[in-house]
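Summary of the model geometry
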Amino acid sequence: MEKECMEEGLANTKRPLLPAETNFISSDKPNDGSSLTPVLFLSAIVALSGNFCFGFAAGYTSTAEFEMMEDLGMSIAAYSFFGSILTIGAAIGAILSGKIADFVGRKRTMWLSQIFFIMGWLGIASATSVWGINIGRLSIGFAVGLIAYVVPVYIAEITPKNIRGRLVVTLQLMNCSGLLIVFFLGNFFSWRTLSLLAIIPCLMQVVGLVFIPESPRWLASIGKEMEFEDALRQLRGADAGVSEEATEIRDATEIFQRGDAGFQGLFQKKYAYPLMIGVGLMLLQQLGGNSVFAAYLSTVFAKANVSTTIGPTAIAFLQMPAAVLGVILMDAFGRRALLMVSSVASCLCLSTMGLAFYLQEHDYAKEFTPVLVFLGVLGFSYAFAVGMSGIPWVIMSEIFPINVKASAGSLVTLVNWSSSWLVTYAFNFMLEWSSPGTFFFFASISALAFLFTWIMVPETKGRSLEDIHATLITYVY
């Protein structure tokens, strides 16, 4: 019965995902609302500023590492725990993120995240002991867990399909911006001052959220019809015809909400395919070593005899063009192709780093180790930024219908941060065990990411969210 209802309600939207098609909705006015309007641009920038805070927090441990360890008398194990506790907080935030975003809305969830960011940074700045900085870092992690879910979901829900991927993947550009700023400022300020400076972008998002609309799809899901249409008109522009898009969103929301919602409902057979995609991509993203380059880049460079002052700042600066390139290519080449290119390039760069450390350990042309490691990190940063960094979040924001989006989003975000904690905590111990083995392991994960994308991941470029949901949830029948 449920399947028949779904087929009847969404018969016109069921088309193959591979290859993707462009499905433009006709409008009742000349402007079809598919352009980047001022309100849409402002809304995206304000939401994405949360990922700037995310990037700043991720890179903070790399910048503060040596000074903080000396000031507080921390061991490698203690600092590894401090670095990884952000991911523990993020995992807790991930568990609650979907429910919070569904209960209070996307905007209020972003506000809540900034409260925890600010409390965390203040806690670190004023801490006099290891447990104090750990509590502060845990609070920041909780904020990151909320941001990691709600920002891509909000962007996907407010954006027309023809530019949706480009705007969602801009979160990686904002992450890189946060990394660049924290690495740069870390050359001039102490770790306590740096934590106070981190509050400035948090306050900027708090103010910006006052001026942007709530997600129309969330408003439709809770039955606020007037607010829903008003938000959609603001985002699409005064001259845009929104009646057909509003009808499509309203009808799809009604149909999907007839199904079983909640965590138990998520594990029905019809949701197996999107769930495998979301969980698989998040696991491969983190097990490929991305988190360690943000958290412990100084450690990697010190191991390879690269400057720990110039090296991280140079990498963060040079990473920016890659993030810009990813934004440009997203809606031109699609998600699937960029994921596969990113995975292959990441595998090659990580293998180069493994080879460099192998030469160093065996005294074979070890004078080339610093150059090879620097080029390997730079190449990996470019490769990862173009695909595997942002695209899993794009796809996560696209593939789950409104009735299970909270549960599914929380689950895949929890998987992401749990695996990130595992890698971040274990990295220093892995590096002591075998430097080449560590990077060859990460390279093998990137190779698996290529195979997984090739076999499992569909193309979603150019499709409305309602179209994607209708296809994916009936895929297994």
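None of these values were measured; they are calculated from a predicted model. (Residues numbered from 1 in each chain as written. Predicted model: local features only at pLDDT ≥ 70, side-chain atom pairs only at ≥ 80, totals over all residues. Heavy atoms only, no water.)

**Describing the overall build of the protein chain**
What counts, and what does not: Under the scheme used here, helices are H or I runs from DSSP no shorter than 4 residues and strands are E runs no shorter than 2 residues, and both carry numbers assigned from the N terminus. Partly exposed describes any residue whose relative accessible area lies between the buried limit of under 20% and the exposed limit of over 50%, with all areas from a 1.4 Å probe on protein chains only and scaled to the type maximum. For this analysis, residues touch if any pair of their heavy atoms sits within 4.5 Å. The protein chains shown are the only cover counted for residues, whose accessible areas, like all others here, come from Shrake-Rupley with a 1.4 Å probe.
Scanning the protein chain from N- to C-terminus turns up 22 helices and zero strands. Out of the 477 residues in the protein chain, the part that is buried amounts to 62%. Contacts in the protein chain between residues at least 24 apart in sequence constitute 86% of all its contacts with a sequence separation of at least 6. For the protein chain, the accessible area works out to roughly 17900 Å², and carbon and sulfur atoms hold 68% of it.

**Considering unusual backbone geometry**
Backbone geometry places N305, a non-glycine residue, at a positive phi of 60°. Here N305 is to be found in the loop between α15 (297-303) and α16 (310-333).

**Observations regarding the packing of helix α4 (residues 106-126) against helix α8 (residues 199-208)**
Put simply, the test is: Whenever a helix is involved, its axis is fitted only over the stretch in contact; in every case the axis is a line through C-alpha atoms, and angles between N-to-C directions fall within 0 to 180 degrees. Note on terminology: angles under 35 degrees are roughly parallel, angles over 145 are roughly antiparallel, angles of 65 to 115 are roughly perpendicular, and the others are oblique. Crossings are classed by handedness, with left-handed meaning an anticlockwise turn of the near helix from the far one by less than a right angle and right-handed meaning a clockwise turn. Asp, Glu, Lys and Arg are counted as charged, while Ala, Val, Leu, Ile, Met, Phe, Trp, Tyr, Cys and Pro are counted as nonpolar; the rest, among them Gly, fall into the polar class.
Between α4 and α8, the least distance of the axes is 9 Å, while the angle of their chain directions is 160°. Viewed along their axes, α4 and α8 adopt a mutual orientation that is roughly antiparallel. At the point where α4 passes α8, the crossing takes the left-handed sense. Taking contact as the criterion, the partners of M110, W111, Q114, F117, I118, W121 and L122 in α4 are, on α8, I199, C202, L203, Q205 and V206. Considered class by class, the residues forming the contact of α4 with α8 number ten nonpolar, two polar and no charged.

**Here's the deal with the pattern of salt bridges**
Short version of the rule: Within this document, salt bridges are pairs made up of a side-chain nitrogen of Lys or Arg and a carboxyl oxygen of Asp or Glu, the two lying within 4 Å of each other.
Under the criterion given, the structure shown has three salt bridges. What you see here is one network of salt bridges that share partners, running through D102, R106 and E157.

**Quick look at the environment of G120**
Tracing the backbone through its elements, the reader meets G120 in helix α4. A relative accessible area of 0% places G120 in the buried class. For G120 and S195, which are 75 residues apart along the polypeptide, the C-alpha to C-alpha distance reads 8.9 Å. Here G120 is in contact with G136, S139 and I140, once residues within four sequence places are set aside.

**Looking at the nonpolar core**
The cut-off we apply is this: To form a nonpolar core, buried Ala, Val, Leu, Ile, Met, Phe, Trp, Tyr and Cys residues must be joined to one another through side-chain atoms within 4.5 Å.
Of all hydrophobic cores here, the largest spans 119 residues; its most connected members are Y60, M68, F117, W121, W417 and F439. Those residues in contact with Y60, other than ones at most four positions away along the chain, are M68, F82, W121, I124, R137, V182, W191, R192, L194 and S195. Core analysis: the second largest hydrophobic core is formed by eight residues, A220, F228, L232 and A246 among them.

**Observations regarding the packing of aromatic side chains**
Stated formally: Aromatic contacts are taken between Phe, Tyr and Trp rings whose centres are within 6.5 Å, Trp giving its six-membered ring; a plane angle under 30 degrees counts as stacked, one over 60 as edge-to-face, and the others as tilted. Definition used: whenever NZ (Lys) or CZ (Arg) falls within 6 Å of the ring centre and also within 35 degrees of the ring normal, the charge is taken to sit over that ring.
Going through the model one piece at a time under the given rule, you end up with 13 aromatic pairs. With centroids separated by 5.8 Å and ring planes inclined at 55°, the aromatic side chains of F441 and F442 adopt a geometry described as tilted. Aromatic ring contacts, followed pair by pair, group F357, F427, F439, F441 and F442 into a single cluster. Directly above the ring of F82 sits R137, whose terminal nitrogen or CZ lies 5.5 Å from the centroid.

**Focus on helix α19 (residues 391-399)**
Judged by how many residues are buried, α19 sits mostly within the fold: nine of nine residues are covered. Residues of α19 that are buried include every one of I391, P392, W393, V394, I395, M396, S397, E398 and I399, and no others.

**Some words on the side chain of Q286**
Stated precisely, the cut-off is as follows: In the analysis that follows, any N or O atom pair within 3.5 Å is treated as a polar contact, provided that within protein one partner can donate a hydrogen and the other can accept it, and provided that, for residues neighboring in sequence, both atoms belong to side chains.
Here Q286 shows up in helix α13 (residues 272-287). For Q286, a relative accessible area of 4% corresponds to the buried category. Among the polar contacts listed, one links the side chain of Q286 to the side chain of S420, at a separation of 3.4 Å. Setting aside anything within four residues of it in sequence, one finds Q286 in contact with S291, N416, S419, S420 and V423.

**Some words on the confidence of the model for the protein chain**
Our working definition: pLDDT measures how confident the predictor is about each residue, on a scale from 0 to 100.
Chain-level statistics for the protein chain give a pLDDT mean of 80 and a share of 84% at 70 or above. Between residues 1-31, whose pLDDT stays under 50, and residues either more than four places distant or in other chains, the model counts 72 contacts.

**Topic: the packing of α19 against helix α20 (residues 405-433)**
Their axes nearest at 9 Å, the elements α19 and α20 cross at an angle of 160°. By the angle class used here, α19 and α20 are roughly antiparallel. In this structure, α19 meets α20 at a crossing whose hand is right-handed. Along the contact surface, α19 presents W393, M396 and S397, while α20 presents K405, G409, V412, T413, N416 and W417.

**Brief notes about a nonpolar patch on the surface**
In plain terms, the rule: Patch definition: residues above 30% relative accessible area lacking any salt bridge, with like charges linked at up to 9 Å and the nonpolar side chains Val, Leu, Ile, Met, Phe, Trp and Tyr linked at up to 5 Å.
Among the surface-exposed residues, L42, V207, V210 and F211 lie close enough to one another that they form a single nonpolar patch of about 400 Å² accessible area. Assignment of secondary structure puts L42 in helix α2 (residues 38-72).

**So, helix α10 (residues 225-236)**
For clarity, the cut-off: By definition here, a helix of n residues has an expected span of 1.5 Å times n minus one. The arc under discussion is defined with respect to the helix axis, by the directions toward the C-beta atoms.
In a regular helix each residue adds 1.5 Å, so twelve residues correspond to 16 Å; α10 covers 17 Å between its end C-alpha atoms and thus fits that length. Of all the residues in α10, the buried ones are F228, A231, L232, L235 and R236. Viewed along the axis of α10, the buried residues span an arc of 120°, placing them on a single side of the element. Downstream of α10 by a residue or two, G237 has a phi angle that is positive, lying close to 105°.

**So, the state of the cysteines**
Formally: By definition, disulfides here are pairs of cysteine sulfur atoms that lie within 2.5 Å.
Enumeration according to the criterion identifies zero disulfides in this entry. Cysteine C53 is unpaired, with the sulfur of C202 as its nearest cysteine sulfur at 3.9 Å. Free of any disulfide, C347 has its nearest neighbouring cysteine sulfur in C349, separated by 9.3 Å. When its relative accessible area of 19% is taken as the criterion, C347 is described as buried.

**A look at the environment of T170**
Among the secondary structure elements, T170 is positioned in helix α6 (residues 164-185). On the basis of relative accessible area, T170 is assigned to the buried category, the value being 11%. As a C-alpha pair, T170 and I391 span 221 residues in sequence and 9.9 Å in three-dimensional space.

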